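# Descriptive structure summary
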Amino acid sequence: MNFEYSKKSKELQDKLNHFVAEHLVPIEKEVEAFHHDPANAWTKWPGLEGLKQKAKDAGLWNLFLPKTYGELSPGLTNMEYAPLAEIMGRMLWSSEVFNCSAPDTGNMEVLSKYGTPEQQEKWLKPLLNGDIRSAFLMTEPEVASSDATNIETSIVADGDEYVINGRKWWSSGAMDPNCKIAIVMGKTDFEAPRHIQQSMVLVPMNAPGLKVIRPLTVFGYNDSPEGHAEILLDNVRVPKENLLVGEGQGFAIAQGRLGPGRIHHCMRLIGMAQRSLEIMAQRTTQRKPFGRTLDTYSSIRQDIAKSACEIEQTRLLVLSAADKMDKLGNKEAKDLIAMIKIVTPSMTLKVVDRAIQILGGLGVSSDVPLAHYFAAARTLRLADGPDEVHMSQLGKNVIKKYIK
Ligand SMILES: Cc1cc2nc3c(=O)[nH]c(=O)nc-3n(C[C@H](O)[C@H](O)[C@H](O)COP(=O)(O)OP(=O)(O)OC[C@H]3O[C@@H](n4cnc5c(N)ncnc54)[C@H](O)[C@@H]3O)c2cc1C
């Protein structure tokens, strides 16, 4: 594997770093404070649209969409996108500025890959343009949703329409005032074999019967403005042409969607871990307990050294997964994708935890991003598949490989 980035990727890394330093770093505290203020919950920071336009003008737009999507894509491989996502991961809210935020990226990939020309015109185009946002509604409060075959929402054909009934939660992005479309997973055939019971349909957020019940919080953070909603689907009707691909294809689409989504999360987590390392390293020369600066203590150097090793190990593993996805496809790369999903959130948590410890009280305050990083990284040990599920699948595959 060659980790040398292409000229195009290097140029974009420079451009993105420059953009972040010029436009985002100076307003970071202001934006964070805006989003943390409960009075502004579910309100967009007023400067966001202007920044998005600037990013678009600079050619820093939709960078995530892989080359395989042809004209829709800016032409980067997963490998080339990785360092860009890492830069965006350093600021939790920054991906949206470049139209590279979850769950929109996964949803755009689904629509690019599986949408009809009409679905693409109606929903993909405005998403790619950054005019609207989207949500992905799979998880349900009533069933163990880490096993997608448990999903109970029903999607029943009735003439030219589907009627949808169910309750969802952890629908990220659904609180965003700009969220206009949801991809909903439910069952069209409860009697079919387990993996072909599910289907996915496109449901406009303003469809009658779709009720946002409440926003959920993550360790107290509301993750405004996108948020995570609990949603009731009460006899929601959509035309049959809103079905994605075909009845019974929901599970297959979900599998296809999660590969790229998972690697993007991991790339951004590396950015969080890297910035945590930089923050703790800088702090060590500024604080002087017991007569000497922190950087002179052996235990502190060990924390910094271990963090540097673990970040680099994980970064290389993520690049290795990206490279395999580029060369052999998402399916062939599934073991590496499982590995990074198991390793990266835990590695980030360890590094952020060390940084918090080194910063003392400052570490858990909102003056630095560490507490919010911790909350975000912790959720990724269970969101998009809990660690145990990935380990179970990976373990099974590894055993199979060696008993052949
Ligand atoms: C911040 C956040 C954002 C999210 N965004 C979305 C979203 O946009 N859309 C969406 O649909 N969902 C979303 N989710 C939901 C997330 O994907 C689910 O919470 C996750 O899949 C686990 O499902 P569950 O909560 O039902 O846990 P359960 O299925 O009840 O599992 C509970 C626990 O059981 C254990 N477990 C499960 N399987 C095994 C096994 N095989 N072996 C051993 N132990 C096991 C694991 O520890 C697991 O955490 C989000 C969650 C969070 C926290």
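Scroll up to find the structure this text is about.
Below: a short report on this structure. Keep in mind that what you see is a predicted model, and the values were worked out from it rather than measured.

### With respect to the packing of aromatic side chains
Scanning the entire structure with this criterion turns up 2 aromatic pairs. On the numbers, 5.4 Å between centres and 70° between planes, the contact of Phe19 with Phe98 is edge-to-face. Here the residue Phe19 occupies a position in helix 1 (residues 7-24), and Phe98 occupies one in the loop between helix 4 (78-89) and helix 5 (104-114), the gap between them amounting to 79 residues. Neither Phe19 nor Phe98 differs from the other in exposure class; each is buried. Sitting over the ring of Tyr162, Lys240 keeps its end group 5.7 Å from the ring centre. Between the NZ or CZ atom of Arg292 and the centre of the ring of Tyr297, over which it lies, the distance is 4.1 Å.

### Observations concerning the pairing of strand 3 (residues 161-172)
In this sheet, strand 3 lies alongside strand 2 (residues 154-158) in antiparallel orientation, the contact comprising 5 bridges. Bridge assignment links Val156 to a residue of strand 3, and that residue is Val163. Hairpin geometry of strand 2 and strand 3 is characterised by an intervening segment of 2 residues between the two adjacent antiparallel strands and by a positive phi of about 65° at Gly159. Where strand 3 and strand 7 (residues 228-239) come together, 9 bridges link them in antiparallel fashion.

### So, the site of the ligand
Residues in contact with the ligand amount to 18 residues; listed here are only the nearest, Phe136, Thr139, Ser146, Trp170 and Ser172. In this structure, a nitrogen atom belonging to the ligand sits 2.8 Å away from a main-chain N or O atom of Phe136. For the ligand, a nitrogen atom lies 3.1 Å from a polar atom in the backbone of Trp170. When the ligand is considered free in solution it has 980 Å² of accessible area, and contact with the protein chains removes 68% of it. Here the residues of the shell around the ligand are counted per class, giving 10 nonpolar, 6 polar and 2 charged.

Procedures and definitions
Residues numbered from 1 in each chain as written. Predicted model: local features only at pLDDT ≥ 70, side-chain atom pairs only at ≥ 80, totals over all residues. Heavy atoms only, no water. Phe/Tyr/Trp six-rings, centres within 6.5 Å; stacked < 30°, edge-to-face > 60°. Helix = DSSP H or I, 4+ residues; strand = E, 2+ residues; numbered from the N terminus. Buried < 20%, exposed > 50% of the residue type's maximum accessible area, 1.4 Å probe, protein only. Lys NZ or Arg CZ within 6 Å of the ring centre and 35° of its normal. Pairing = 2+ DSSP bridges. Near = heavy atom within 4 Å. Polar contact = N/O pair within 3.5 Å; in protein donor to acceptor, adjacent residues only side chain to side chain. Areas by Shrake-Rupley, 256 points an atom, 1.4 Å probe, with all protein chains shown as cover. Nonpolar A, V, L, I, M, F, W, Y, C, P; charged D, E, K, R; others polar.

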